Amino acid sequence: MLRKVTSEDAGAIAQIYNYYVKNTDITFETEQVTESEMRRRILEISDKYPYFVYEESGNIVGYCYASLWKKREAYHNTVESTVYIDSSFHGKGIGRLLMDTLLNELKRLQIHAVIACITLPNPPSVKLHERLGFKQASCFKEVGYKFERWIDVGDWQILL
């Protein structure tokens, strides 16, 4: 079941996200996020932008949201998208469902451009975004450092 996020989802979302913090370079955060910090982030983001979760058997197994891309006023019709899926639920179409819902809602809100910032290499995320119609717009070499190595980042963009 796909639905809008609530602050009560913070613990489950933090658990999904913290897997990526601890085990991957997909996020550049290096410290796990507490439930209270995740609740603060959820409330801050969902107050202004769409934020969805996907539940299976009563458990949250994925989430996605849009957020501020840049602070300058001229960017107000551009957002950044984020999607995370519980690692044991990859390949089941949940990311696609979440992102389709998010993009439809952003279109309804008259958002013009959506940017997805993807740590490279990350073939599953690139594949998901390109299937949705995103095109690579940039690649920044060695802009992050995690797990004692330099990491590249690419931006993928879709115009709604």
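Everything discussed here concerns the structure shown above.
So, how was this worked out
- Residues numbered from 1 in each chain as written.
- Predicted model: local features only at pLDDT ≥ 70, side-chain atom pairs only at ≥ 80, totals over all residues.
- Heavy atoms only, no water.
- Pairing = 2+ DSSP bridges.
- Helix = DSSP H or I, 4+ residues; strand = E, 2+ residues; numbered from the N terminus.
- Salt bridge = Lys/Arg side-chain N within 4 Å of Asp/Glu carboxyl O.
- Axes fitted to C-alpha atoms, helices over the stretch in contact; angles between N-to-C directions.
- Phe/Tyr/Trp six-rings, centres within 6.5 Å; stacked < 30°, edge-to-face > 60°.
- Lys NZ or Arg CZ within 6 Å of the ring centre and 35° of its normal.
- Buried < 20%, exposed > 50% of the residue type's maximum accessible area, 1.4 Å probe, protein only.
- Arc of directions from axis to C-beta.
- Contact = heavy atoms within 4.5 Å.
- Core = buried A, V, L, I, M, F, W, Y, C linked by side-chain atoms within 4.5 Å.

**Describing the pairing of strand S6 (residues 135-146)**
Part 1 of the argument: Pairing of S6 with strand S7 (residues 149-159) involves eight bridges; the strand directions are antiparallel. Residue pairing across strands places Gly-144 opposite Ile-151, the latter belonging to S7.
Part 2 of the argument: Counting the residues in the hairpin turn of S6 and S7 gives two residues, including Phe-147, whose phi is positive at 55 degrees.

**Here we look at the pattern of salt bridges**
Part 1 of the argument: What the rule picks out here adds up to 11 salt bridges.
Part 2 of the argument: Taking the shortest distance from any N to any O, the salt bridge between Arg-149 and Asp-25 comes out at 1.9 Å. Within this pair, whereas Arg-149 is found in strand S7, its partner Asp-25 is found in the loop between helix H1 (10-23) and helix H2 (35-46), the two being separated by 124 residues in sequence.
Part 3 of the argument: One salt-bridge network, held together by shared partners, links Glu-29, Glu-37, Arg-40, Arg-41 and Glu-44.

**Concerning the sheet that holds strand S4 (residues 78-85)**
Part 1 of the argument: Reading across from one edge, S1-S2-S3-S4-S5-S7-S6 is the order of the seven strands in this open sheet, with mixed pairing throughout. The open sheet has two edge strands with one neighbour each: strand S1 (2-4) and S6. Across the sheet, the axes of successive neighbouring strands diverge by a mean angle of 25 degrees, strand direction being ignored.
Part 2 of the argument: Inspection of the sheet shows strand S2 (residues 51-56) paired to strand S3 (residues 59-68) by six bridges, in the antiparallel sense. Across the sheet, the residue bridging to Glu-56 is Asn-59, located in S3.

**A word on the packing of aromatic side chains**
Part 1 of the argument: Counted according to the given criterion, the structure contains nine aromatic pairs.
Part 2 of the argument: Ring plane angle 90 degrees and centroid distance 5.1 Å describe the contact between Tyr-19 and Tyr-20, whose orientation is recorded as edge-to-face.
Part 3 of the argument: Three or more aromatic residues joined by ring pairs make a cluster, and in this case those are Tyr-17, Tyr-19, Tyr-20, Tyr-51, Tyr-63, Tyr-65 and Tyr-84.
Part 4 of the argument: The cationic tip of Lys-70 hangs over the ring face of Trp-69; the distance from NZ or CZ to the ring centre is 5.1 Å.

**Points about helix H4 (residues 123-131)**
Part 1 of the argument: Within H4 the residues assigned to the buried category are Ser-125, Val-126, Leu-128 and His-129. Along the long axis of H4, the arc covered by the buried residues comes to 160 degrees, so they all point the same way. Seen from the open side of H4, the exposed residues pointing more than 90 degrees away from its buried face are Pro-123, Pro-124 and Arg-131.
Part 2 of the argument: Looking at the buried side of H4, the elements it contacts are S4, helix H3 (94-108), strand S5 (113-120) and S7.
Part 3 of the argument: Immediately downstream of H4, the backbone of Gly-133 shows phi near 105 degrees, a positive value.

**Some points on the side chain of Ser-138**
Part 1 of the argument: By the element assignment, Ser-138 lies in strand S6.
Part 2 of the argument: Filtering out sequence-adjacent residues up to four positions away, Ser-138 remains in contact with Val-153, Gly-154 and Asp-155.

**Here we look at the nonpolar core**
Part 1 of the argument: Counting 45 residues, the largest nonpolar core has Tyr-63 and Phe-134 as its most contacted members.
Part 2 of the argument: Sorting elements by how many residues they give to this core places H1 first, with seven residues.
Part 3 of the argument: Setting aside anything within four residues of it in sequence, one finds Phe-134 in contact with Ser-81, Met-99, Leu-103, Val-114, Ala-116, His-129, Trp-156, Gln-157 and Ile-158.

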